[in-house]
Amino acid sequence: VVHDEELLIAVLNSAPVEDGTRAEHLGGARGGELAVRFGGTGSALELRRLREMRDALQRVVRDHADPAKALGPLLGDAALTPTVTPSGIHWKPPADRDDGLAIRTAMAWSAVTEGLPGRLRACANTECNLFLVDHSRPGTAKWCSMATCGNRAKARAHARRHRAT
Ligand SMILES: [Zn+2]
């Protein structure tokens, strides 16, 4: 698991399709909780920056948008400050920036993309707005979750076979 991979997936998966409509989990108290869980403040501005970064990252991962165009403007003049620890140097956006968490999310996207090439992808169910990092050995995982989208696809394939015979 790459550093901040959990943050990346939490942000990417914060607009799930529920009962046919796109839900927003990066707003209000729920969004605040998510931000605080990952070291943010949960302020309205921070959540807005996170939503912008999420939408840009979704376009990059799912629609193969040009990362330079999609992410560049959101990173702007981002600067990182070092914290030296026995296990290495950790670079973080200054804590007083509202876009700190959004920048960390973009850095996590970069780390996952470099460390696990091709393993970050959108769920193969086009009606689902969730994403996954495929840690399986063969690298063929297609679904955000086998329990939901995977089984639904299996049931559909089964019904198709049934009709065909
Ligand atoms: Zn799915």
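These lines cover the structure that appears in this document, whether it is placed above or below. As the structure is a prediction and not an experimental result, all values here were calculated from the model.

## Quick word on the coordination of the zinc ion
Tetrahedral coordination by four donors sets the ideal angle at the metal to 109.5 degrees; octahedral coordination by six donors sets it to 90 or 180 degrees.
Thinking step 1. The coordination sphere of the zinc ion, as far as protein atoms go, consists of C123 (SG), C128 (SG), C144 (SG) and C149 (SG), spread over 2.3 to 2.4 Å.
Thinking step 2. Considering all four donor atoms around the zinc ion, angles at the metal cover 105 to 117° and the coordination shape is tetrahedral.
Thinking step 3. Taken in sequence order, the residues that donate to the zinc ion follow the motif C-x4-C-x15-C-x4-C. One end of the pair, C123, is in the loop between β5 (120-122) and β6 (131-133); the other, C144, is in the loop between β6 and α6 (146-164), and 21 residues separate them in sequence.
Thinking step 4. Overall, the relative accessible area of 23% leaves C144 in the partly exposed class.

## A word on the nonpolar core
Thinking step 1. L8, L50, L57, L71, W109 and L120 are the most contacted members of the largest nonpolar core, which totals 28 residues.
Thinking step 2. Discounting chain neighbours no more than four positions away, the residues touching L50 are V11, L26, L101, A102 and T105.

## Thoughts on helix α2 (residues 28-37)
Thinking step 1. Those residues of α2 not exposed but buried are G31, G32, L34 and A35. An end-on view of α2 places all buried positions within 160° of arc, on one side of the element. Projecting away from the buried face of α2 at angles above 90 degrees are the exposed residues A29, R30, E33 and R37.

## Description of α6
Thinking step 1. Relative to the 27 Å expected for 19 residues at 1.5 Å per residue, α6 spans 25 Å between its end C-alpha atoms, a close match to the ideal helical length.
Thinking step 2. C149, G150 and A153 are the residues of α6 that are buried. Along α6, the residues classed as buried sweep out an arc of 95° about the axis, all on the same side. Of the residues in α6, the exposed ones pointing more than 90 degrees away from the buried face are A147, H162 and R163.
Thinking step 3. The opening residue of α6, the one whose side-chain oxygen lies 3.1 Å from the backbone nitrogen of A147, is S145.

## Quick look at a positive patch on the surface
Thinking step 1. Taken together, the side chains of R152, R156, R160, R161 and R163 define a basic patch exposed on the protein surface.
Thinking step 2. Structurally, the position occupied by R163 is in helix α6.
Thinking step 3. Residue R163 is classed as exposed on the basis of its relative accessible area of 64%.

## Observations regarding the pattern of salt bridges
Thinking step 1. In the structure shown here, the tally under the stated rule is eleven salt bridges.
Thinking step 2. Residue D66 is joined to K69 by a salt bridge in which the shortest nitrogen-to-oxygen separation is 3.9 Å.
Thinking step 3. Between R97 and D77 there is a salt bridge, with its nearest N and O atoms 3.2 Å apart. Placement of the pair is R97 in the loop between β4 (88-92) and α5 (100-115) and D77 in the loop between α4 (67-75) and β3 (81-85), with a sequence separation of 20 residues.
Thinking step 4. Residue classification places D77 among the exposed residues on the basis of a relative accessible area of 61%.
Thinking step 5. Through salt bridges with shared partners, one network takes in R22, E24, R54 and D55.

Criteria and cut-off values
- Residues numbered from 1 in each chain as written.
- Predicted model: local features only at pLDDT ≥ 70, side-chain atom pairs only at ≥ 80, totals over all residues.
- Heavy atoms only, no water.
- Donors = N, O, S within 2.8 Å, 3.2 Å for Na, K, Ca; no water.
- Tetrahedral: all angles 85-135°; square planar, octahedral: opposite > 155°, others 65-115°.
- Helix = DSSP H or I, 4+ residues; strand = E, 2+ residues; numbered from the N terminus.
- Buried < 20%, exposed > 50% of the residue type's maximum accessible area, 1.4 Å probe, protein only.
- Core = buried A, V, L, I, M, F, W, Y, C linked by side-chain atoms within 4.5 Å.
- Contact = heavy atoms within 4.5 Å.
- Arc of directions from axis to C-beta.
- Expected span 1.5 Å × (residues − 1).
- Polar contact = N/O pair within 3.5 Å; in protein donor to acceptor, adjacent residues only side chain to side chain.
- Patch = residues over 30% accessible without salt bridge, like charges linked within 9 Å, V, L, I, M, F, W, Y side chains within 5 Å.
- Areas by Shrake-Rupley, 256 points an atom, 1.4 Å probe, with all protein chains shown as cover.
- Salt bridge = Lys/Arg side-chain N within 4 Å of Asp/Glu carboxyl O.
- Lys, Arg positive; Asp, Glu negative; His and termini not counted.
- Charge placed at Lys NZ, Arg CZ, Asp CG, Glu CD.

Any functional reading would require information beyond the geometric quantities listed.
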